[in-house]
Every structure is written in C-alpha cells, then in structure tokens.
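Observations on chain architecture
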Amino acid sequence: MTVDQLRSWITPPMLVSFAIFGTLPFWIREVGLYPYLGVEVLIFCIYALGYNVLLGYGGLPSFGHGAYFGIGAYAFGIAQLNVVSNLWLCLLAGILAAMLFGAVVALFISHRRGIYFALMTIAFGQMAFFIASKWTSVTKGEDGLLNIARLPVDFGFVSYPIQRNGDFYWFVFACFVVTVIVLWRVVHSPFGKVVQAIKQNEARTAFLGYNVVLYKGLVFALSCAVAGFAGALFAMAQGGAFVQVMNLQWSGVVVLMVLIGGGFVSFWGPVLGVVLYFIARDLLGAYTETWQLWFGLLFMLVVMYKPEGLAGIWQGIVHRKQRPRTSATVHLLAMLKAR
Amino acid sequence: MDLVHLLLPHLLNGVALGLLFALIALGFMLIIGVMEVINLAHGSLFALGAYFALSLMTPDGGLRLGIAQVLFDLPVGWRYVIVLLVAPVGVAIVGMGLEMCLRRTYGKDPLYGLLLTFGAALVLEELIRLAWGPTERFIPIPSAITGGIAIGDLIYSKYRFFASGFAILMIGLLWLFLEKTPYGALIKAGAHDSEMVRALGVNLTRLRLFVFGFGTALAAIAGIIMAPIWGIRPHVGVDAVVPAFVIIVLGGVGSFWGAVIAGLLVGMVVGLTGAFATDWSLISMYILLILVVTFRARGLLGKKSILEN
C-alpha cells in the first residue's frame, strides 16, 4: 500500500483523535475525571458520527434518532438474554435490528424533504418510544431490561473479559476506531459524494440520473445501523437497556451535540460536540443543578453567532493563520498579475 | 342507545382535546408560515402560559408583588378573566424576545431556526423548574365552570364544555381576524411570500415580531385552558408540541381548516383509544398520521409549499 492510499484511509486528525482517546485511561484521573466518562464519550461519539452522516452530509434532519439507539440496545439485550450469549452475534443483532427498522421507516419518509422529513422522523421516533415503554413483556417498560452483561471479547482462540470499566474502555475504543475509519471511507466514497450532492440540490442530483430516494433511504438506514451499534454498546456500558434514551429530548440531544460541535462543516464536529457536552455536564453539573439551562443558553448563542459550531471556530482560526491577506487583496494581486 | 352512552363522553373529551390541539397547532402554523421556522419551543411557551396563570391565580404561585394582593382579593371568576387576558400577553412578550434571537437565522438553513428553538425549549423548561419547582401544580377555576352538567341522563364535566366552547370561540375569532381584517391579509401574504411583502413596503421585521408573539399567545391560551385538565408540569410542553406537529402534517401545512379537522381527528382518536385501549392512546395519533400521509403526501388539505425545498 502506498502512502497516498494509506492517507485516504487514515488522516492526521484521525491519528490525533486516536492518540487522545487511546491514551485517555492514563491521564483521565489526573484531570479530575473518571474512566467511565471516557466510555460514555466514545459511545456517543459513535452515535453522533453516524448521525452526522445523515445530517451534516445528507442534510436530512432526524429528530427521532434515539429510537434506533434504543432499538439497538434492546435488540442486544434480548439477543443476549434469550438467544445466544456471543458478543459478535449480539452486536450484529443490535445493528441489524436498528438498520431494519430504519429501512422500514425510510420507505415512508425517504421521498420527503425538509420540514416534512423532520416531522415524520419525530412521528416514527415517538411511536418507537411509546411502543418500547408499553410493550412490557419484551422491554420490561419503565424498569428497563436489566442484567445485560459485558460479554467477553472472544476471538475463538483467545478470549478477553471486559467486565471492568478499564477493560471495557479498550473494547469501546476499538469500536470507535473501526467506526471512524468506516464512516470516513463512506463519506469519501462515490456514494458519499452523491449524498452530499443531494444535500446541495436534490432536484439537480435527480436530473443527473441518481435515484435520490434510494440514496436517502440508504444513508438513513446506515446512520440507524450506527446508532444501533452505539446503543448496543451503551446497553453493555449501563448493564441494561432503558427507554429514556428513546424519548424526544434525548433524540434532540444528539442533534445538539452534532451541531454545537460543527457537524455541518467538519467530519470531526460531532466528536468535539460530544466531548463538550459531557464535560459541560460534569463540570457545570458539579456546580449547579440547572446545568441544562446554561448549556441550552450556550447552545442558543452558538446557533445565533457561530452556527458552524466548534469546528467552524477552529477552521476560522486556522484559515486566518494560513491566509493573512483578505480575499480582496488576493483578487487585486491576481488582477495586477494578469496585466 | 347503550353504545351512545358508552362512546359519547369519550367523543366529547376527544372533541375538547382536539379543539385545544387545533388552537396550539394554528399558532404553530402561523409561525411556520411567516417565518418558515418550526418553533420547538411552542410547547414550553404553552407550559409557560399555564404557569403565568398559576402565578396570577394563587398567592403561592410565586408572585410576591404588593400589587398582586389586589388581584388575589378579587373573586376567583374575575381573576380568571384577567388571567385569560394578561397571561397570554406575558407569554407573547417572551415569544417576541425569542423572535429577536431567531432573526439571526433567517435566510440560512431552516434547520438553524429549529435548533435555536430547541435550545430555547431546554432553557424555558429549566427556567420553569427553577421558578415554580418540579412538582405538578393545579390552578383553581371559577365555581361556575366546575362540576358536572346533566344532558338527559348523561353527566358531563362543565369545564370541558367551557374548554370546547372557548376553543371554538378562539378559532372563530382567529379565522375572522385572518380573513376579514387587513392585518390578517398581511399575515397570509407574509406566509405566501414574505420577500414580496417586504418589497411592497411592509415592515417585515415588525410583522414577524407580531406574528411570533401572536402565535405564542395562542399557545399560552391553550395552556391556560388545558391546565385544569392535564395539570401543570415543567415538561408538559412536549405533550402539547408533538400533537401540534402531527396535526400540521396531517392537516396540511398552511391550511387553516386542515388543522382544525386534523385537530378534531387526533383529539377523537386519542380520546377513544384512551378509553378503550389505554396502551394505544399514545401512539394512535402517529398511526393515524402515517396512514393518512402515506396516501395523501401533503396531508388532508395541504398544498405545495415552500417548506418542501
């Protein structure tokens, strides 16, 4: 494999993120936080990165994504408790269940646009939420599906236990690495380019001969599958599957994380947003009961004054350093040169 | 006859609920029309209306101004009338403040407006929790509209009759306002093409501010009327805003009577399932929505709108 080929798989920001999260267990206690926070952050990073393929790249806002996260968690738990206690098969069950449900929903919504699309995702998300809270024989309703174990990572010839948070962290980190590389390849594949074209102008993409309804459905199902994957991991992290993650507010929180981080302008926006959210929760939460108030205000300010989010602020700083001249002077110089 | 006895109270409940849903949805739709913003904070403003009413109705509602004592000395009936006039205005002012924040998102991706109001909903809910506490509250209502009323051999809650009547009155007034006054014409024109309205010399900034305030005041009125039926909780807004979405899509974005019909449909479906299959009452309206929208993509009476781009 040549260097160029390698670069299209692994990029410098990726290495930075792997370096930060890969060393996290060694320094997280030093900065006054705890390892389980790292687990939560990574799981929500997976969830948010998958969501951003839909929102940031496809321009398709889903306000019911918690449903697929929750379905992944329940499917993982049900598979583990009733069918087979093998980590890989249970994870697969979580991913497939969320993806299948997403695909069915996509049949109803993928020919819709804009606000209609958003409203229909709310309707389906709420439906899933209420079904999960009422179908007590399967989901155990408000109590939650308990006793979900962190199954050992079994490679056939060797098997690692991941019951302890420290060990579990490494497994989630590996999942994060795989998700990042896969999603990076997806958004830079021809498929990803068509999805981005749909965001820019759906009608024109259709005129070019692409089946936009199919592409929208596929990207929706993909992001549901990733949400299901994250949900399955979250079920392991919490030792249970609970219905709260499926409600409208939690579905909104993932949108909030993605946007505050800058999912519209960067692949890495969601990661920044998730980190900010959890740090804000722990730091503000330590001082005040009403940290959501302050986070909500911060979020409003970001949307008003810097809608490109944290990644947008970062890009602004980098660009200013790279291009000290204003674009007007650049134009002027170009004109002078042309003479 | 037995079937009528069995069904009628639940149908009436459904109608009362549906009319109030329609009122919330109409305010929501005015805002979508003129500003192209889905106001996710609409439910929180609905809740805020109920809490403002609580503060004005009872001394333990958190209002500690000297002047308020004059209010609390009034008979409960008069207080209720004053509340119905004052609380929506208070909420409209909050709504106008929100519109001023929203201004920065006009002309950008409509998603930003939606997100800003999502943030506002979080903030409002927390503020409510801070000001009035997290527990469920009830507001007193005049004795003239409490108790039961007998129709033949059926006894039915007077308050729900009042709620239905009041909602019909408000919907009627709103229709007259939109159809028969020059201001209504401006709002409709603004919903059709706001840039053209501006080009014709109308102060669009003021129009938007007014419409946002007006839409949120309607939510507040619905909140006050709904308060004795649902009780008041900080997160009651979600229960109000989600049916409003459903009704808008079901009835068709931009259609006044579509929203009213859809409101009644949703109310009756929720009312009937609530009575006979409680577990289904919460998802019945989504099933209704999906059934209708699968066959009629723009809802019952919807036309093609700018929101689809």
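Residues numbered from 1 in each chain as written. Chains lettered and ligands numbered in written order. Predicted model: local features only at pLDDT ≥ 70, side-chain atom pairs only at ≥ 80, totals over all residues.

Take the overall build of chain A next. Regarding its fold elements, chain A presents 16 helices and 4 strands. Against the globule reference of 20 Å for 339 residues, chain A gives a C-alpha radius of gyration of 21 Å, in line with a compact fold. For chain A, the spread of C-alpha atoms along the principal axes amounts to about 80 × 50 × 50 Å. Per-residue burial over chain A gives 47% buried out of 339 residues. Sequence-distant contacts in chain A: of pairs separated by 6 or more residues, those separated by 24 or more amount to 75%. (Helix = DSSP H or I, 4+ residues; strand = E, 2+ residues; numbered from the N terminus. Rg over C-alpha atoms; globule rule 2.2 N^0.38 Å. Buried ≥ 20, exposed ≤ 12 C-beta atoms within 10 Å, placed from the backbone. Contact = placed C-beta atoms within 7 Å.)

Helices and strands together make up the secondary structure of chain B, namely 13 helices and 2 strands. Taking 19 Å as the expected radius of gyration for a compact globule of 309 residues, we find that chain B reaches 19 Å, a close match to that expectation. Of the contacts formed within chain B by residues at least 6 apart in sequence, a portion of 77% connects residues at least 24 apart.

For the rest of this paragraph, the subject is the interface of chain B and chain A. Every contact between the two is made by 33 residues of chain B and, on the other side, 29 residues of chain A. Of all the elements in the fold, those that place two or more residues in the side of chain B that touches chain A are α5 (110-132), α10 (236-251) and α13 (284-295) of chain B. Counting residues per element, the side of chain B that touches chain A draws most heavily on α5(B), which supplies 13 residues. Across the side of chain B that touches chain A, the residue classes break down as 24 nonpolar, 4 polar and 5 charged. (Nonpolar A, V, L, I, M, F, W, Y, C, P; charged D, E, K, R; others polar.)

Across soluble globular proteins, you tend to see nonpolar side chains buried next to one another. Counting residues in each nonpolar core, the largest one holds 226 residues, and the members touching the most others are B:Leu20 and B:Leu23. Setting aside its immediate chain neighbours within four residues, B:Leu20 contacts B:Ala163, B:Ala167, B:Ala222, B:Ile225 and B:Met226. (Core = buried A, V, L, I, M, F, W, Y, C linked by C-beta atoms within 7 Å.)

With 94% of its residues at a pLDDT of at least 70, chain A reaches an overall mean of 86. Least confident of the elements in chain A is helix α16 (residues 327-338) of chain A, whose mean pLDDT is 61; most confident is helix α11 (residues 212-238) of chain A, at 94. (pLDDT = per-residue confidence, 0-100.)

This prediction gives chain B a mean pLDDT of 85; 94% of its residues lie at or above 70. Per the prediction output, this complex has pTM 0.86; the corresponding ipTM is 0.83.

This part takes up the environment of A:Tyr116. Tracing the backbone through its elements, the reader meets A:Tyr116 in helix α6 (residues 114-134). Counting along the chain gives 55 residues from A:Tyr116 to A:Pro61, while the straight-line C-alpha distance between them is 10.0 Å.

Take the packing of helix α3 (residues 35-57) of chain A against α11(A) next. Residue and element names in this part refer to chain A. Where α3 meets α11, the axes come as close as 7 Å, and the angle between the chain directions of the two elements is 170 degrees. As far as their axial angle goes, α11 and α3 are roughly antiparallel. Residues Val39, Glu40, Ile43, Ile46, Tyr47, Gly50, Tyr51, Val53 and Leu54 of α3 lie in contact with α11, whose contacting residues are Val219, Phe220, Leu222, Ser223, Val226, Ala227, Phe229, Ala230, Leu233, Phe234 and Ala237. Of the residues that constitute the contact of α3 with α11, the class distribution is 17 nonpolar, 2 polar and 1 charged. (Axes fitted to C-alpha atoms, helices over the stretch in contact; angles between N-to-C directions. Parallel < 35°, antiparallel > 145°, perpendicular 65-115°, else oblique.)

Once that is clear, we can look at the environment of A:Asp167. All names here are of chain A. With respect to the secondary-structure elements, aspartate 167 resides in helix α8 (residues 165-187). Using a count of 15 C-beta atoms within 10 Å as the deciding quantity, one classes aspartate 167 as partly exposed. Put simply, aspartate 167 and proline 25 are 142 residues apart on the chain and 10.0 Å apart in space, counted from C-alpha to C-alpha. Contact partners of aspartate 167, with chain neighbours within four places excluded, come to Tyr160, Pro161 and Ile162.

Glancing now at the pairing of strand β1 (residues 148-151) of chain B. Residue and element names in this part refer to chain B. Of the pairings in the sheet, the one linking β1 to strand β2 (residues 154-157) comprises 4 bridges and is antiparallel in character. Within β2, the residue paired with alanine 150 across the bridge is isoleucine 155. Between the end of β1 and the start of β2, which pair antiparallel, lie 2 residues, with glycine 152 showing a positive phi angle near 60 degrees. (Pairing = 2+ DSSP bridges.)

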